Structure formats: structure tokens, C-alpha cells
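Each chain, letter by letter, is given below.
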Amino acid sequence: MRNFNPQRQPYTVDIAPAAWRQLGAVPGEIFQRIRRELDALAALSTQRPPPGLEALMHSSLPTLSFFVERFVVIYEIDDDRQVVTLLEVSQRLPIDSEPEDGG
């Protein structure tokens, strides 16, 4: 099990090169919100995970995601390096979009 120690420093946030390129298409306000979310995840790294997430965190590099408006943000947590890495930012399809019927 992951060792949660309140004396431990928060994780750092890293951004993968591909994610930097994708962030170029994201409005500045959205980028700031994404960054705040990632910083909050890093700061919470010393606390117990929410119920149900603990089992997922047994994986060495769990890949997780969250939404900021129309963007999906994919990241991973590396417990050994104590890093939250932003992997990908992309626009999600609208929930009400339906495939066009060919006939």
C-alpha cells in the first residue's frame, strides 16, 4: 500500500512535451484552471486517497483524468518520483452529439 505521510512534501507537476503542444490550442483561462487542478492534486498527494481510489493507486503509474469545460485532461501519478505528469489535453465530443445517419 502507498505510504501516506503528512510530513512528505507535495508532489511536483510535470508536463509531457506532447501536452505542451496541445496546451497551445487551449484558451489561457482554461490552461490556468488545468494548472490549478494539477497543483491541487500534487498538494493532496500526502493525504489519504478518496474511498475507492486506493485500489487504483496500487498500480505503479495510474493514468487518470478530469474535465475542464470541453477539455479532457489525462495525467499519471508516479509515487516513486512523487510527480503528477500531465500527459494529454484534448477536446471531448459534446455529450449531445450523435453520429450522422448515412441514410
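Predicted, not measured: the structure shown is a model, and the values here were computed from it. (Residues numbered from 1 in each chain as written. Predicted model: local features only at pLDDT ≥ 70, side-chain atom pairs only at ≥ 80, totals over all residues. Heavy atoms only, no water.)

Explain the sheet that holds strand β1 (residues 12-15) to me, using residue names and the numbers behind them.
What the 4 strands build is an open sheet, ordered β1-β4-β3-β2; its pairing is mixed. Here the strands that pair on one side only, and so sit at the sheet edges, are β1 and β2 (63-68). For this sheet the average axis-to-axis angle between neighbouring strands, irrespective of direction, equals 30 degrees. In terms of strand pairing, strand β3 (residues 71-78) meets strand β4 (residues 83-91) through 8 bridges, oriented antiparallel. Residue pairing across strands places valine 72 opposite serine 90, the latter belonging to β4. (Pairing = 2+ DSSP bridges. Helix = DSSP H or I, 4+ residues; strand = E, 2+ residues; numbered from the N terminus. Axes fitted to C-alpha atoms, helices over the stretch in contact; angles between N-to-C directions.)

Any details on the nonpolar core? Residues and values, ideally.
If you look at the biggest cluster of nonpolar residues, it comprises 20 residues, and the most contacted ones within it are Ile34, Leu38 and Leu86. Listed by contribution, the elements that provide at least two residues to this core are β1, α1 (17-23), α2 (28-43), β2, β3 and β4. Those residues in contact with leucine 86, other than ones at most four positions away along the chain, are Asp14, Ile15, Ala16, Ala19, Leu23, Leu38, Val73, Ile74 and Tyr75. (Core = buried A, V, L, I, M, F, W, Y, C linked by side-chain atoms within 4.5 Å. Buried < 20%, exposed > 50% of the residue type's maximum accessible area, 1.4 Å probe, protein only. Contact = heavy atoms within 4.5 Å.)

How would you explain the pairing of β3 if you had to name every residue and give the values?
Buried residues dominate β3, accounting for 7 of its 8 residues. Here β2 pairs with β3 via 6 bridges, running antiparallel. Residue pairing across strands places valine 68 opposite phenylalanine 71, the latter belonging to β3. Hairpin geometry of β2 and β3 is characterised by an intervening segment of 2 residues between the two adjacent antiparallel strands and by a positive phi of about 50 degrees at glutamate 69.

Kindly report on the pattern of salt bridges, identifying the contributing residues and their values.
Applying the stated criterion across every chain yields a total of 3 salt bridges. The salt bridge partner of glutamate 69 is arginine 33, with a shortest N-O separation of 2.7 Å. Placement of the pair is glutamate 69 in the loop between β2 and β3 and arginine 33 in helix α2, with a sequence separation of 36 residues. In this structure glutamate 69 comes out as partly exposed when scored by relative accessible area, which is 43%. Arginine 33 gets classed as partly exposed once you look at its relative accessible area, which sits at 28%. One salt bridge in this structure joins arginine 35 and aspartate 39, with 3.1 Å as the shortest N-O distance. Of the two residues, arginine 35 and aspartate 39 both sit in helix α2, 4 residues apart, roughly one turn of that helix. Its relative accessible area of 29% is what places arginine 35 among the partly exposed residues. (Salt bridge = Lys/Arg side-chain N within 4 Å of Asp/Glu carboxyl O.)

Coordinates in, geometry out; function isn't part of it.
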